[in-house]
Every structure is written in C-alpha cells, then in structure tokens.
Amino acid sequence: MKTRILFEELEPLMFRGPGELDPSARGVATLAQSTGWPSISTITGTIVSEVMSMRGLHPPNAASEWEKFVDNYMNLLERLAIEWIRGPYLWDESQYVRVPILLGSKALHYTFPQIIAKIITEFINKEINVWEVIKRITEYSGLPISIQKIGTALTSRDKGIKNVREGYLYTETFVSLKRNAIAVEVGSSSDDILKDLNNKPVKLGGENRFVESKLDGELPLASSLEKFNEGYVVLLSPFLMLETPKAVVNNDGIIELRYRDMQAEIIMGRIDIKGLGFAVNETKRKPILPAILEGSILKVKNCSDTLRLGLYGCLHNNLTQEESLFGRIGFGSFYVLGV
C-alpha cells in the first residue's frame, strides 16, 4: 500500500532547532524560534508514535548503545509494516507542490519545483551561471509567516493560580505555513495500519501544537522516484553521512562532492552538521553527523531504489545498517526536477 499523509495546520506550529527553552537552563530572556521547515524525524516520530498508540503497541526496551537503538528502530518499522517514508513537501489548496530551498541565510525558504527546473534548464544550457541561478531562485522564493509569543517562567501552578518567576521572560516564534499542508508519502506492507491516521488530530512538533492528519491517494513524489536514475534534484530532508565527505569548489562555484562511491554536484546548498534529535525512550541525544542540508539542489547519477532509500540509493549496495534506517525513515528524500 502506498499513501500520502497530509498534516493540515490547526494552529501556528513550532519546529524547534537545538537548545533549551527553559529559562532555568538558559537564563533570562530566552528565545525559541521555529525553523521554517519540519524535520523528517519529527514527522516520522509522529507517525510511528500515533500508530503504536492506536494499536496498543509498546516501544522496545531502552537501548544503551546507538547500534542497539538502530536495531530496535528497524525492528519497530517491521512491526508497524512501514517500508519507507519520503518527504516532506508542502501541498496547497490549488494542488501544487512546494519544496524547500536553502539560500544565503540559514532560513529555509520554499518555492515551486517547476520554477527551479526552468532556472536549472537555463543553467544547463549555459544561459546563466551558478550565481545567477541563486539570484533568480531567490526572487521566486517565500518564507512562512512568523508569529511571536512572549511569556514568563512559572514557579507553581495550582488550581488555576499561577505564580511567576520574576525577571524570567521567554519569547517563542511560531510559524504558519500559509494554508499549506505538510505532506509525506508512505509505503506499507499492510493495507490498513495507516488508516487510523485519517481525519485525526495529532501533535506535531513542539509546544503541544496540533495538526489534522488526512490520507489521500496522490503520490507525486513516489511516481517520480520509481524509475529515477540520475538528474537534478532538490533535497527535502538532510542527507546524513557517517564520515566527512570529500568536497571541493570548482571554478564555476559548484561543490563537487564524493561520499564513498557516490558522486554529486551541489549547485546550491550547504554541507553542515545535523543533530538527530532526542531519543525519548533512551533519555539521551542522538548523534550529530555531517549532512547535505535540506533545500540543497544537487545533480546525482547512478542511483537506484530511490523510492525506498532516497539519496542513499546512490550508495548502491554499500549501505550500513544506520544508512538503511536513515533512508527508510525519510532522510535523504528528494524531489526530482525533471531536467
């Protein structure tokens, strides 16, 4: 079974980056600012936890080592009959896809893939250079709406009476995705295990914010990945790497990257480090790894099985257990530009 899950915004959302919001940990006037694009690990965690809860399943015992955590997660995916997750992208009421784009600032913008494809075609035909690509895409990109809330730390809350801690203010900046639904596409070996998510309010992201999850049969991402072998793509989620890749900038301003037997050209984007988040069951943070960030535009070749593995399908048969897990839960997802 293949299906798409749409998360429709019911209120402004919080997709937080690293760091603590609690004023007792950070001091006065702390700030929590939402990223503009939801993490695939946040979305996958919501799907897995909701299905487990509705089916009365319990998480595996806490893992003391990262390798055991990976094994537990792979076994859990088998129990839930989840074969792969691809995304996320935005889907609006006019039924257009929007994808993230990483520009000069660290904020993720988003735009239509058709616009990116047109500009990349001009680049391929040598009508514009890489710097003009960045400029043109910037002109057609937008940011989510930011909504700010100011609060104060509490020392106690009892029977409707709140006692504040003087001087401990905090600011939260939420995002609204302008009536766009967050979309992921999921492959399952079961015909019914995901049906419980249809028309259901679920928590997504931080600060107990709710969205409504819906299922539909539209699969624009999966249909483009089934026979993909090479071409230009835009990353929807980070491509995590277990070792530092070899990367050089050529005379045209393109990053030529080699990671084991995968070769890629980064037309726009960035290589950085990415934290994998917090393991709730283990009460510890997951590793920090080098990554090609979401919103990057790449040219890749010699790829296979990209529906199941995303960009990890470009590593051929040399996948580690960790990379197989990353690929299955949505890391390295990309949208094919068709050029």
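Here, the structure is the one placed above.
Residues numbered from 1 in each chain as written. Predicted model: local features only at pLDDT ≥ 70, side-chain atom pairs only at ≥ 80, totals over all residues. Heavy atoms only, no water.

Colleague: Explain the overall build of the chain here, please?
Modeller: The secondary structure content of the chain amounts to eight helices and 21 strands. In the chain, once contacts between residues fewer than 6 apart in sequence are set aside, the share between residues at least 24 apart is 71%. Carbon and sulfur atoms make up 48% of the accessible area of the chain, which totals about 16300 Å². (Helix = DSSP H or I, 4+ residues; strand = E, 2+ residues; numbered from the N terminus. Contact = heavy atoms within 4.5 Å. Areas by Shrake-Rupley, 256 points an atom, 1.4 Å probe, with all protein chains shown as cover.)

Colleague: Can you walk me through unusual backbone geometry in this structure?
Modeller: Keep in mind that most residues, glycine aside, have a negative phi and that most peptide bonds are trans. Residues Gly87 and Pro88 are joined by a peptide bond in cis, for which omega reads 0°. Within the secondary structure, Pro88 is located in strand E3 (residues 82–91). Non-glycine residue Ala81 carries a positive phi angle of around 60°. Relative to the helices and strands, Ala81 resides in the loop between helix H3 (66–79) and E3.

Colleague: It is not clear to me how the sheet that holds strand E5 (residues 108–111) should be interpreted in this structure. Could you clarify?
Modeller: Strands pair in a sheet through their backbones, by hydrogen bonds, and they do so in one of two ways: parallel or antiparallel. Taken together, the seven strands give an open sheet; going across it, the order is E5-E4-E3-E8-E1-E10-E9, and neighbouring strands pair in antiparallel fashion. Each edge of the open sheet is held by one strand with a lone partner, namely E5 and strand E9 (200–203). Direction aside, neighbouring strands of the sheet carry axes that sit 40° apart on average. Pairing of strand E1 (residues 2–9) with strand E10 (residues 210–216), which is carried by six bridges, proceeds in the antiparallel orientation. Bridged to Glu8 within E10 is Glu212. The strands touched by helix H4 (residues 113–124) within the sheet are strand E4 (97–102) and E5, with E4 carrying the most contacts at an inclination of about 55°. (Pairing = 2+ DSSP bridges. Axes fitted to C-alpha atoms, helices over the stretch in contact; angles between N-to-C directions.)

Colleague: Would you take a moment to explain the side chain of Arg98 for this structure?
Modeller: Among the secondary structure elements, Arg98 is positioned in strand E4. A polar side-chain atom of Arg98 sits 2.6 Å from a polar atom in the side chain of Asp92. Of note is the side chain of Arg98, whose polar atom sits 3.1 Å from the side chain of Asn180. Sequence-distant contacts of Arg98, defined by excluding residues within four places in its chain, comprise Trp37, Tyr89, Leu90, Asp92, Tyr110, Thr111, Phe112, Pro113 and Asn180. (Polar contact = N/O pair within 3.5 Å; in protein donor to acceptor, adjacent residues only side chain to side chain.)

Colleague: When you look at the sheet that holds strand E12 (residues 239–240) in this model, what are you seeing that I'm missing?
Modeller: The strand order E12-E19-E16 describes an open sheet built from three strands, whose pairing is antiparallel. Each edge of the open sheet carries a strand with a single partner, namely E12 and strand E16 (271–275).

Colleague: I tried to follow the side chain of Glu323 on my own but got confused; where do I start?
Modeller: Following the sequence through the fold, Glu323 ends up in helix H8 (residues 321–328). Here Glu323 falls in the buried class, since its relative accessible area comes to 0%. Not counting residues within four places of it along the chain, the set of residues in contact with Glu323 comprises Leu242, Tyr259, Arg260, Tyr312, Leu315 and Asn318. (Buried < 20%, exposed > 50% of the residue type's maximum accessible area, 1.4 Å probe, protein only.)

Colleague: Which parts of the structure should I look at to understand the nonpolar core?
Modeller: Inside soluble globular proteins, nonpolar side chains tend to come together where they are buried. Grouped together as the largest cluster of nonpolar side chains are 101 residues, with contacts concentrated most on Phe7, Ile47, Phe239 and Ile297. When residues in this core are grouped by element, the largest group, seven residues, is from H3. Excluding its chain neighbours within four sequence positions, the residues that come into contact with Phe239 are Tyr259, Met262, Pro290, Ala291, Ile292, Leu311, Tyr312, Leu315 and Gly332. (Core = buried A, V, L, I, M, F, W, Y, C linked by side-chain atoms within 4.5 Å.)

Colleague: I would appreciate a short explanation of the environment of Ser296 in the present structure.
Modeller: Looking at the element boundaries, Ser296 is found in the loop between strand E19 (288–292) and strand E20 (297–300). Note: C-alpha distance between Ser296 and Pro238 (58 residues apart in sequence) is 8.9 Å. Leave out the neighbours within four places in its chain, and Ser296 touches Leu102, Val233, Val234, Leu235, Met268, Gly269 and Arg270. In terms of polar contacts, Ser296 uses its side chain to reach the backbone carbonyl oxygen of Leu293, at 2.8 Å.

Colleague: Hey, could you run me through the pattern of salt bridges in this one?
Modeller: If the charged atoms of two oppositely charged side chains come close together, the side chains can form a pair. This structure, assessed with the given rule, holds 13 salt bridges. The closest approach of N and O atoms between Arg209 and Glu11, which form a salt bridge, is 3.6 Å. Of this pair, Arg209 sits in the loop between E9 and E10 while Glu11 sits in the loop between E1 and helix H1 (23–26), and the two are 198 residues apart along the sequence. On the accessibility criterion, Glu11 (25% relative accessible area) is partly exposed. Across the pair Arg136 and Glu122 runs a salt bridge whose closest N-O atoms are separated by 2.7 Å. A residue pair is termed long-range when its members are at least 10 positions apart, and Arg136 in helix H5 (residues 130–139) and Glu122 in helix H4 qualify at 14 residues. What you see here is one network of salt bridges that share partners, running through Lys118, Glu122 and Arg136. (Salt bridge = Lys/Arg side-chain N within 4 Å of Asp/Glu carboxyl O.)

Colleague: Even after reading the chapter, I still don't get the packing of aromatic side chains, so can you show me in this structure?
Modeller: Each pair of aromatic rings is reported with the distance of its centres and the angle of its planes. Tallying each qualifying case throughout the model produces eight aromatic pairs. Look at Phe239 and Tyr312: their rings are 4.5 Å apart centre to centre, the planes differ by 40°, and that puts the pair in the tilted class. One end of the pair, Phe239, is in strand E12; the other, Tyr312, is in the loop between helix H7 (306–309) and H8, with 73 residues separating them in the sequence. Look at Phe239 and you get buried, because its relative accessible area is 0%. Ring geometry for Phe326 and Phe331: centres 6.0 Å apart, planes at 75°, overall edge-to-face. (Phe/Tyr/Trp six-rings, centres within 6.5 Å; stacked < 30°, edge-to-face > 60°.)

Colleague: Please explain the pairing of E20 as it appears in this structure.
Modeller: Within a regular beta strand, the side chains point alternately toward one face of the sheet and then the other, so they alternate between its two faces. Here four bridges tie strand E11 (residues 231–235) to E20, and the two strands are oriented antiparallel to one another. Directly across from Val233, in E20, lies its bridge partner Leu298. The pairing of strand E15 (residues 262–268) with E20 spans four bridges and is antiparallel. Residue pairing across strands places Met268 opposite Ile297, the latter belonging to E20.

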